[in-house]
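# Topology and contacts: notes
Given next are the chains, with one letter for each unit.
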Amino acid sequence: MCGISALLDRAASSAVPGDLDAMHAPIRHRGPDGEGFLLIDPLGRARRLAAPAADRRPTLLGLASRRLKILDLSDAAAQPMASERSRIFS
């Protein structure tokens, strides 16, 4: 991973996805091979998105990552990664 952004909003507003996308945009050059977004709602449910700016659901926490493929060139190494049941993300 070559870039990471995080945004915590204790009010869990619907602006978090768009704000996270805008905050993460300036580091696109650091990981041109991929990006991932993980948004967590006020009830602790996580959702992964390709383009978070269009999502208007209340979000408590947003994480974004940029990827530069160096060691594992496959898409299996894309982040954020989820466990088999999608209960744990890393």
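Above this text is the structure in question.
Treat the numbers as computed from the prediction; the structure is a model and nothing was measured.

### Some details on the pattern of salt bridges
Scanning all chains against the criterion turns up 6 salt bridges. The partner of Arg 28 in a salt bridge is Glu 35, with the nearest N and O atoms 3.8 Å apart. The exposure class assigned to Arg 28 is partly exposed, which follows from its relative accessible area of 34%. Among the ionic pairs, Arg 45 bridges to Asp 41, the shortest N-O distance being 2.7 Å. Via salt bridges that share partners, Asp 21, Arg 28, Glu 35 and Arg 66 belong to a single interconnected network.

### Some details on the sheet that holds strand 1 (residues 3-8)
Sheets are built from strands paired through backbone hydrogen bonds, the pairs being either parallel or antiparallel. Pairing in this open sheet of 4 strands is antiparallel, and the strands run 1-4-2-3 from one edge to the other. Edge positions in the open sheet fall to strand 1 and strand 3 (46-49), since each of these has one partner strand only. For this sheet the average axis-to-axis angle between neighbouring strands, irrespective of direction, equals 15°.

### Some thoughts on the environment of Leu 39
Along the chain, the position of Leu 39 falls in strand 2 (residues 34-40). For the pair Leu 39 and Arg 57, spaced 18 residues apart in the sequence, the C-alpha separation amounts to 9.6 Å. The contacts of Leu 39, once residues within four sequence positions are left out, are Pro 17, Leu 20, Arg 45, Ala 46, Arg 47, Leu 49, Pro 52, Asp 55, Thr 59, Leu 61 and Gly 62.

### Digging into the environment of Ser 5
Within the element layout of this structure, Ser 5 appears in strand 1. Classification of Ser 5 by relative accessible area gives buried; the value is 7%. Sequence separation between Ser 5 and Phe 37 is 32 residues; the distance between their C-alpha atoms is 9.3 Å. Not counting residues within four places of it along the chain, the set of residues in contact with Ser 5 comprises Leu 20, Met 23, His 24, Ile 27, Gly 62, Leu 63 and Ala 64. Engagement of the side chain of Ser 5 in a polar contact is seen with the side chain of His 24, the distance being 2.8 Å.

Definitions and limits used
- Residues numbered from 1 in each chain as written.
- Predicted model: local features only at pLDDT ≥ 70, side-chain atom pairs only at ≥ 80, totals over all residues.
- Heavy atoms only, no water.
- Salt bridge = Lys/Arg side-chain N within 4 Å of Asp/Glu carboxyl O.
- Buried < 20%, exposed > 50% of the residue type's maximum accessible area, 1.4 Å probe, protein only.
- Pairing = 2+ DSSP bridges.
- Helix = DSSP H or I, 4+ residues; strand = E, 2+ residues; numbered from the N terminus.
- Axes fitted to C-alpha atoms, helices over the stretch in contact; angles between N-to-C directions.
- Contact = heavy atoms within 4.5 Å.
- Polar contact = N/O pair within 3.5 Å; in protein donor to acceptor, adjacent residues only side chain to side chain.

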